[in-house]
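One letter stands for each residue in the lines below.
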Amino acid sequence: MSSLALRHAIYLRSLLLANRFRVIRTIDIAAYCCPERPFKAALTAAQRAVRGMVKAALLRRYRTDRFQTVYGLTQRGVDWLAEHGHDATSSIRRVSDMTNPEHRLWAQFLVICAWSRNLDALTEADLMQRLNPAVKPGAKAASATVQGYITVDVHRTKGSVRKHLRPDAVAYEDRGGGVAWFEVDRSKRGSDRQADLTALISAIGSKTADGKVLRRVVVMCKSERIERDAIRIVEALASTMNAAVLIEGRRHIKRYDDGVYEVLSAVPFKRADGRTALRDELVGHVIVQMLPIWLPKVRLDAGNVYSMDGWFDDNYLPYKRPPLLGRWLAPTSPLWPSPDDVDDNDAV
């Protein structure tokens, strides 16, 4: 592929991404366009593309209240996409009103990382739209038929309540099947949200609103303190569950590795003599890990003090895949054409 064709492909994917999510970061473009490259090379390519698109007024740069640099799609970017056969709408007015879209940005980053692993993935808003296709985007939640992605009994000090829970993001896994549910924890959970997380973990192995099976709950934490709190919640639940009497359906939580827990369920099976017994079978995992908040801070110069760990080649994104399931397959380039599509003059 020629350098001009490669630049065009990156511009096209980047602008379509900006139209899809309305606000994006450079690291989003790196993950969406260059997941197969080492982080330094992916970030270099993304930064070069962003500079070109900003200079051409296809994207506009903004600075949030938390000093994050984000980008919105301009009208010229909309026109550029129209020239190449894609409908779009400008997002700069919406982005200019955003003060702290950090939670939104991390949720969509996890979705992008799941896409780069060839998984179908959705943010909360897109998921609810898929579950309620007749409801117009942006409509009030009360008008939706499906209110949540899973319904659980949440136990609180004043009793139990039936509650609909929604993920910050969700990925449908091809290998092993089932659903991975993402929680983006930017702050310490209060008692109500702690109870919600406990109920969610207890529901691993249960069916979701679309008939899929919840296999993994992934808690992505902004700080080590939040990570410790999440682990404490998991281990407290494990202590309670593991002390329960062995009956059919009883859950058991077993620590597998740092931040990785297996969830097992007691299921009946017949012995050779015809008697029925119970045994634990793996139904899913709980994974608690840090958001890679250091990656957007990396500077490609001698003054960089931030780690480049946690990229795709580290088996870290969109979450640390438990060894029992095997490492993630290495991403392939979404830009490079198949051999049948490569012109001899463009071959490298």
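Presented here is a report on the structure given in the accompanying data block. It should be emphasised that the depicted structure is a prediction, and the values quoted were computed from it without experimental measurement. (Residues numbered from 1 in each chain as written. Predicted model: local features only at pLDDT ≥ 70, side-chain atom pairs only at ≥ 80, totals over all residues. Heavy atoms only, no water.)

### A word on the overall build of the protein
The test is simple: In DSSP terms, a helix is any run of H or I states spanning at least four residues, a strand is any run of E spanning at least two, and both are numbered starting from the N terminus. Put simply, the radius of gyration uses C-alpha atoms, and a globule should come to 2.2 Å times the residue count raised to 0.38. In this scheme, a residue with accessible area under 20% of its type's maximum is buried, one over 50% is exposed, and one in between is partly exposed, where area comes from a 1.4 Å probe on protein chains only. We call two residues in contact whenever any of their non-hydrogen atoms come within 4.5 Å of each other. In these tables, accessible area is a Shrake-Rupley quantity obtained with a 1.4 Å probe, and a residue counts as shielded only by the protein chains included in the view. Just so you know, the count uses Lys and Arg for positive and Asp and Glu for negative, and it drops His and the chain ends. A single reference atom marks each charge: NZ on Lys, CZ on Arg, CG on Asp, CD on Glu.
Looking only at helices and strands, the protein has nine helices and eleven strands in total. Taken over the C-alpha trace, the protein has a radius of gyration of 22 Å; the compact-globule value for 348 residues is 20 Å, and the two agree within 12%. Along the three orthogonal principal directions, the C-alpha set of the protein runs to about 70 × 45 × 45 Å. Out of the 348 residues in the protein, the part that is buried amounts to 47%. In the protein, once contacts between residues fewer than 6 apart in sequence are set aside, the share between residues at least 24 apart is 58%. When the accessible surface of the protein is summed, it comes to about 17700 Å², and 50% of that surface belongs to carbon and sulfur atoms. Side chains of the protein give 53 positive and 40 negative charges; the mean places of these two sets differ by 5 Å.

### Some thoughts on the packing of aromatic side chains
Cut-off, in case you're wondering: Only Phe, Tyr and Trp rings take part, Trp by its six-membered ring, and two of them pair if their centres are within 6.5 Å. Stacked means planes under 30 degrees apart, edge-to-face means over 60, and tilted covers everything else. The criterion for a charge sitting over a ring is simple: Lys NZ or Arg CZ within 6 Å of the ring centre, and within 35 degrees of the ring normal.
The tally for this structure, following the rule as stated, stands at ten aromatic pairs. Taking 5.7 Å as the distance between ring centres and 15° as the angle between the ring planes, the aromatic pair formed by Phe21 and Trp115 counts as stacked. Of this pair, Phe21 sits in helix α1 (residues 3–21) while Trp115 sits in helix α6 (residues 102–116), placing them 94 residues apart in sequence. Relative to Trp328, the ring of Tyr319 has its centre 5.2 Å away and its plane inclined at 70°; by these criteria the two rings are edge-to-face. When its relative accessible area of 11% is taken as the criterion, Trp328 is described as buried. Following the ring pairs from residue to residue traces out a cluster consisting of Phe21, Tyr32 and Trp115. Arg13 extends its terminal NZ or CZ atom over the ring of Tyr32, reaching a point 3.8 Å from the ring centre.

### Things to note about helix α8 (residues 191–202)
Where we set the bar: Working rule for helices: expected span equals 1.5 Å times residues minus one.
Given a rise of 1.5 Å per residue, twelve residues ought to cover 16 Å, and the 17 Å separating the end C-alpha atoms of α8 matches this to within 8%. The complete set of buried residues in α8 reads Ala195, Asp196, Leu197, Ala199, Leu200 and Ile201.

### Some words on the packing of α1 against helix α4 (residues 75–83)
To keep it simple, the criterion reads: Here an angle of 0 to 180 degrees is reported between the N-to-C directions of two axes, which are lines fitted to C-alpha atoms, with helices fitted over the stretch in contact. Note on terminology: angles under 35 degrees are roughly parallel, angles over 145 are roughly antiparallel, angles of 65 to 115 are roughly perpendicular, and the others are oblique. Take the far helix as the reference: if the near one is turned anticlockwise from it by less than a right angle, the crossing is left-handed, and if turned clockwise, right-handed. Throughout, the ten residues Ala, Val, Leu, Ile, Met, Phe, Trp, Tyr, Cys and Pro are labelled nonpolar, Asp, Glu, Lys and Arg are labelled charged, and all others, Gly among them, are labelled polar.
The geometry of α1 relative to α4 is characterised by a closest axis approach of 11 Å and an angle of 120° between their N-to-C directions. Here α1 lies oblique to α4, going by the angle between them. As for the relative orientation of α1 and α4, their crossing is left-handed in sense. Contact with α1, carried on its side by His8, Tyr11, Leu12, Leu15 and Leu16, involves Gly77, Trp80 and Leu81 of α4 and no other residues of that element. Here the contact of α1 with α4 is built from residues that sort into six nonpolar, two polar and no charged.

Function cannot be read off these values alone, since they describe shape.
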